[in-house]
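Coordinate inspection notes
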Amino acid sequence: MLSIQEFLQQLFPSLSASTAQFIEDKIQVLHFKNNEVAIKPGAVCDRVYLVVQGGFVCRYINESTETEKTINFYLEDIHPFMACVDSFFSQKPTSCELRAICPSTVWTLHRKDLDQLFEMDKAIFNFYNAQVISALTEENELKLKIIALPSEELYKYIMETFPMVIKKVPSKYIAELMGISAEWLSKLKRVTR
């Protein structure tokens, strides 16, 4: 695992020493146990997270109907920048939870510090915008596939496009995302081997 300084040097080779120091001073390193919740429904997500080890699922939780639905995955090698999008941008309480799917480490930065960082360095602002656009585009593409494809084709799409999800995310959450039972997912896995 890279240090914060090494990570910054890789992404932004020309980052000023003062900006690098600001980031190092403001970033918090958090560790989560398997199944530990980072954000609960009803909380305001006022931080952005970078998954540096492990992974999380974002799940929509409707307490009145007792509905739980996986809507996204955040792993160190796919969508590593994580937040409850419904809350982070609006600063209203979220309807989602961020749950660790294994022991995980994240770097987190408070939204007010992120805003200050954007004012300090345009390259970081541009990088952030590119990451947000990429994540939203990928998430939209996946949602279109969930709506349009039968479960067999959807599973093949996930296997081909996001093999790390199949390897790292528990089947329960993959089945939730696909809108099928864990038993049906198990049958799909046997058929597609």
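Here's a quick rundown of the structure. The numbers attached to residues start from 1 for each chain and follow its sequence in the written order. Given that this is a predicted model, residues contribute local features only at a pLDDT of at least 70 and side-chain atom pairs are listed and counted only at 80 or more, while totals for whole chains, interfaces and linings are drawn from all residues. Excluded from the side-chain calculation are hydrogens and water; included are all heavy atoms of the structure.

1. Digging into the overall build of the chain
- Labels follow the DSSP assignment, with helices taken as runs of H or I lasting at least four residues and strands as runs of E lasting at least two, numbered in each case from the N terminus. In terms of helices and strands, the chain carries 9 helices and 8 strands.
- The globule rule used here is 2.2 Å times the number of residues to the 0.38 power, and the radius of gyration it is set against is calculated over C-alpha atoms. In terms of overall dimensions, the chain is globule-like: its C-alpha atoms have a radius of gyration of 18 Å, near the 16 Å expected for 193 residues.
- In terms of its C-alpha atoms, the chain occupies a principal-axis envelope of roughly 55 × 35 × 30 Å.
- Looking at the chain as a whole, 41% of its 193 residues qualify as buried.
- In this analysis, two residues are considered to be in contact whenever any of their non-hydrogen atoms come within 4.5 Å of each other. The long-range share in the chain, meaning contacts at least 24 apart out of those at least 6 apart in sequence, stands at 71%.
- Using a 1.4 Å probe, the Shrake-Rupley method yields the accessible areas, and only the shown protein chains count as cover for residues. Carbon and sulfur atoms provide 54% of the accessible area of the chain, an area that totals close to 10,500 Å².
- Only four residue types enter the tally: Lys and Arg on the positive side, Asp and Glu on the negative side, with His and both chain ends excluded. By convention, the point assigned to a charge is CZ for Arg, NZ for Lys, CD for Glu and CG for Asp. Looking at the chain, you have 21 positive and 24 negative side-chain charges, and the mean spots of the two groups are 5 Å apart. Residue burial is assigned from relative accessible area. The probe radius is 1.4 Å, only protein chains are included, and a residue is buried under 20% of its type maximum, exposed over 50%, and partly exposed in between.

2. Looking at the nonpolar core
- Nine residue types can take part in a nonpolar core, namely buried Ala, Val, Leu, Ile, Met, Phe, Trp, Tyr and Cys, and a core is a set of them joined through side-chain atoms within 4.5 Å. Residues Ile23, Phe56, Met82 and Leu98 are the most contacted members of the largest nonpolar core, which totals 34 residues.
- At the level of secondary structure, the elements contributing two or more residues to this core comprise α1 (4–11), α2 (17–26), β3 (47–53), β4 (55–62), β7 (96–100), β8 (104–110), α4 (111–120) and α5 (122–148).
- Counting residues per element, this core draws most heavily on β3, at 5 residues.
- With near-sequence residues (within four places) excluded, Leu98 lies in contact with Glu36, Val37, Ala38, Ile39, Tyr49, Phe56, Val57, Cys58, Tyr74, Met82, Ala83 and Cys84.
- Formed by 22 residues, the second largest nonpolar core is a distinct cluster that contains Tyr173, Leu177, Met178 and Ile180.

3. Quick look at the sheet that holds β4
- The pairing criterion for strands is at least two bridges between them, as found by DSSP. With respect to topology, 4 strands assemble into an open sheet ordered β2-β7-β4-β5, the strand pairing being antiparallel. Lying at the two open borders of the sheet, with one neighbouring strand each, are β2 (37–39) and β5 (67–75). Averaged over neighbouring strand pairs, the angle between their axes works out to 30° when direction is ignored.
- Two strands pair when backbone bridges link them, and β2 and β7 are joined in this way by 2 bridges, in the antiparallel orientation. Following the sheet pairing, Val37 is matched in β7 by Arg99.
- Here helix α8 (residues 171–178) sits on the sheet and contacts β4, β5 and β7; the angle it forms with β5, its principal contact strand, is near 115°. Convention adopted: a line fitted to C-alpha atoms gives each axis, helices being fitted over their contacting stretch, and angles between N-to-C directions are expressed from 0 to 180 degrees.

4. Quick notes on helix α6 (residues 151–161)
- Within the span of α6, buried status applies to Ser151, Leu154, Tyr155, Tyr157 and Ile158. Seen along its axis, α6 keeps its buried residues to an arc of 160°; they face one direction.
- Along its buried surface, α6 packs onto α5, α7 (163–168), α8 and α9 (182–191). The arc under discussion is defined with respect to the helix axis, by the directions toward the C-beta atoms.

5. Topic: a nonpolar patch on the surface
- Exposure above 30% relative accessible area and the absence of a salt bridge qualify a residue for a patch, where like charges join within 9 Å and nonpolar side chains (Val, Leu, Ile, Met, Phe, Trp, Tyr) within 5 Å. Any Lys or Arg side-chain nitrogen found within 4 Å of a carboxyl oxygen on Asp or Glu counts as a salt bridge. A cluster of nonpolar residues, Val85, Phe89 and Leu136, forms a patch on the protein surface that exposes about 250 Å² of accessible area.
- On the secondary structure map, Val85 appears in helix α3 (residues 85–88).
- Residue Val85 is classed as partly exposed on the basis of its relative accessible area of 38%.

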